[in-house]
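So the chains spell out like this:
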Amino acid sequence: MAGLIGKKIGMTSIYSPDGAVIPVTAIEAGPCKIVSIRNKNKDGYEALVVGFGEKKEKHLTKPLKGLFEKAKVAPAAMLKEFKNFDIAAYKVGDDLTVELFAEGDKVKVSAKSKGKGFQGVVKRHGFSGVGGQTHGQHNRERAPGSIGQSSWPSRVFKGTRMAGRHGYSQVTVSNLKVVKIIPEKNIILVKGAIPGAINSIVEINK
Amino acid sequence: MDKLNDLVAGTANPDFAQFNVGDRIRVHVRVIEGDKERIQPFEGDVIGFKGSGVNRSFTVRKISSGVGVERIFPMASPKVAKIELVKQGKIRRAKLYYLRNLSGKAARIKDKNVR
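Residues numbered from 1 in each chain as written. Chains lettered and ligands numbered in written order. Predicted model: local features only at pLDDT ≥ 70, side-chain atom pairs only at ≥ 80, totals over all residues. Heavy atoms only, no water.

Would you mind showing me how to read the domain arrangement of chain A here?
Interface size is commonly expressed as the accessible area that is lost once the parts come together. Residues and elements named next belong to chain A. Examined at the domain level, chain A breaks down into domain 1 (3-121 + 172-205) and domain 2 (122-149 + 159-167). Distance from the C-alpha centre of domain 1 to the C-alpha centre of domain 2: 38 Å. The partner domain 2 presents 16 residues to the 9 residues of domain 1 that form the contact. Each partner contributes to the roughly 860 Å² buried at the junction of domain 1 and domain 2, and carbon and sulfur atoms together form 65% of this total. At the junction of domain 1 with domain 2, the criterion picks out 0 salt bridges. Along the contact surface separating domain 1 from domain 2 lie 9 residue pairs in polar contact (both at pLDDT 80 or more). The element that contributes the greatest number of residues to the side of domain 1 that touches domain 2 is strand β8 (residues 115-119), accounting for 5 residues. (Domains from an automatic or database assignment. Contact = heavy atoms within 4.5 Å. Buried area = accessible area lost by both parts, 1.4 Å probe. Salt bridge = Lys/Arg side-chain N within 4 Å of Asp/Glu carboxyl O. Polar contact = N/O pair within 3.5 Å; in protein donor to acceptor, adjacent residues only side chain to side chain. Helix = DSSP H or I, 4+ residues; strand = E, 2+ residues; numbered from the N terminus.)

Have a look at this one:
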């Protein structure tokens, strides 16, 4: 079990030895420093607090500054907790690299998806719109249709799917195969697409 | 994007014979049958390039027993063992898709090296 923070570089293709094209996403993952370790006695759960990227010291808040000073680690831009490590094997200040993963592993990748802005129900919830374009129908092609009943309940139920902000939500894609690892460049190639735009921060879990 | 290009630069095939659209080339294709591998040549005219970088591919067209056959090869494919240049063609277009509508004598490409 292992996890790492990375940055999405983009998609490309590589070839398998038998000539098949494999679509891959490149993630620049790690090296991440362990900033702190959560333990059962003090925090009630076990986890590694892992930092990724760089941040100027003048942009740190005082609590964060204290955290990094205590760990004797350079300030990181992004902090995440990973519960899926065996914490006994690690200590504060250790480096985590892509070598945590091996080719052929199945990983989960989580990230914020691309924001789509204010979208209608057809795009946002997969509604099919109202009716066809013929038989006199003229302006309801992408409309939601009825959103409720009549005198009972005289209101719209909470959670009814309607138009609104779409995208920019946490999305996880599981069972992605690790196709290749390039340790000297801190690159991990996973088969298929992952959520988020290029340069967005992603979390990889095994 | 540069990072991405660096990443796949090593995977492209070493340069075979340089060829352009309109040239007649012989592509040596690796064919795997069971656990044996053999080379099968495919000779025809290059009618276009498509894509860029690692995804660049080219289309080869030939007439095989009266039927037009086209094969698309990725430039970096490990299935392409060798590319031989047979003849250079003299053409005025980047894509020779019009050859599909021609047959017989009309579908020939002029030789670049013959005056």
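Would you explain the pattern of salt bridges in this entry?
Per the stated rule, a full pass over the model turns up 12 salt bridges over all chains. Measuring nitrogen to oxygen at the nearest pair gives 3.5 Å for the salt bridge that ties K91(A) to D94(A). Several salt bridges converge on common partners, so that one network encompasses R26(B), E43(B) and E84(B).

What is the right way to read the confidence of the model for chain B from this model?
Detailed reading of the predicted coordinates is not advisable wherever pLDDT is low. Residues with a pLDDT of 70 or more make up 89% of chain B, whose mean pLDDT is 86. This complex was scored by the predictor with a pTM of 0.81 and an ipTM of 0.74. (pLDDT = per-residue confidence, 0-100.)

What is the right way to read the interface of chain B and chain A from this model?
Counting residues at the interface gives 12 residues for chain B, matched by 18 residues for chain A. Together, the buried faces of chain B and chain A total about 1,200 Å²; carbon and sulfur atoms form 67% of this surface. On the surface where chain B and chain A come into contact, there are 1 residue pair in polar contact (both at pLDDT 80 or more). Considering every element that reaches the side of chain B that touches chain A, the biggest residue donor is helix α1 (residues 2-9) of chain B, with 5 residues. Residues belonging to the side of chain B that touches chain A are distributed by class as follows: 7 nonpolar, 2 polar and 3 charged. (Nonpolar A, V, L, I, M, F, W, Y, C, P; charged D, E, K, R; others polar.)

Mind showing me how you'd approach unusual backbone geometry here?
Generally, phi is negative for residues other than glycine and the peptide bonds are trans, each holding for most cases. Residue and element names in this part refer to chain A. Looking along the chain, the bond that leaves W152 and enters P153 is cis, with omega of 5°. On the secondary structure map, P153 appears in the loop between α3 (121-125) and β9 (164-167). Positioned with a positive phi, S154 is a non-glycine residue whose angle comes to about 60°. On the basis of relative accessibility, which here comes to 57%, the residue S154 falls in the exposed class. For N199, which is not a glycine, the phi torsion comes out positive at approximately 80°. Mapped onto the fold, N199 is located in the loop between β11 (187-191) and β12 (201-205). (Buried < 20%, exposed > 50% of the residue type's maximum accessible area, 1.4 Å probe, protein only.)

What's the story with the sheet that holds strand β4 (residues 67-74) of chain B in this structure? I'm lost.
Residue and element names in this part refer to chain B. With antiparallel pairing, the 5 strands of this open sheet are ordered in space as β4-β3-β2-β1-β5. Either end of the sheet is taken by a strand with one partner, and the two such strands are β4 and β5 (80-87). Each strand axis lies, on average, 40° off the axis of its neighbour in the sheet, ignoring direction. (Pairing = 2+ DSSP bridges. Axes fitted to C-alpha atoms, helices over the stretch in contact; angles between N-to-C directions.)

So what exactly am I meant to see when it comes to the pairing of strand β2 (residues 21-29) of chain A here?
As a general feature of sheets, a regular strand has side chains that alternate between the two faces. All names here are of chain A. Counting buried positions over the 9 residues of β2 gives 7, a clear majority of the element. Where strand β1 (residues 3-15) meets β2, 9 bridges bridge the pair, whose relative direction is antiparallel. The residue bridging K8 from the neighbouring strand is I27, located in β2. Linking β1 to β2, which pair antiparallel, is a turn of 5 residues; within it G19 sits at a positive phi near 95°.

What is the right way to read the packing of aromatic side chains from this model?
The relation between two aromatic rings is expressed through the spacing of the ring centres and the mutual angle of the planes. Enumeration according to the criterion identifies 8 aromatic pairs over all chains in this entry. Taken together, a centroid distance of 5.6 Å and an interplanar angle of 25° make the contact between F19(B) and F49(B) stacked. Of the two residues, F19(B) is situated in the loop between α1 and β1 (24-33) and F49(B) in strand β2 (residues 36-50); the sequence distance between them amounts to 30 residues. As far as burial versus exposure is concerned, F19(B) and F49(B) are alike and both buried. Put simply, the rings of F19(B), F42(B), F49(B), F58(B) and F73(B) touch in pairs and so form one group of aromatic residues. When the ring centre of Y168(A) is taken as reference, the NZ or CZ atom of K112(A) above it lies at 5.0 Å. Stacked on the ring of F42(B), the Lys or Arg R71(B) has its end atom at 5.7 Å from the ring centre. (Phe/Tyr/Trp six-rings, centres within 6.5 Å; stacked < 30°, edge-to-face > 60°. Lys NZ or Arg CZ within 6 Å of the ring centre and 35° of its normal.)

Teacher, can you tell me more about empty space enclosed by the protein here?
Applying the stated criterion to the full structure yields 1 cavity of 30 Å³ or more. In this structure, the largest cavity encloses a volume near 40 Å³. (1 Å grid on protein atoms, 1.4 Å probe; cavity = no way out; pocket = protein on both sides within 12 Å on 5 of 7 lines; lining within 4 Å. Points joined across faces, edges and corners; volume = space filled by probe spheres on them.)

Quick question: what am I supposed to make of the sheet that holds β11(A) here?
Each strand in a sheet pairs with its neighbour through backbone hydrogen bonds, running either in the same direction (parallel) or in the opposite one (antiparallel). Residue and element names in this part refer to chain A. Taken together, 6 strands build a closed barrel; the order of strands is β1-β2-β11-β10-β7-β12 and the barrel is antiparallel. Averaged over all neighbouring strand pairs, the angle between strand axes comes to 50°, with direction disregarded. Sheet topology places β2 next to β11; 5 bridges connect them, and they run antiparallel. Counterpart to A26 in the pairing with β11 is L189.

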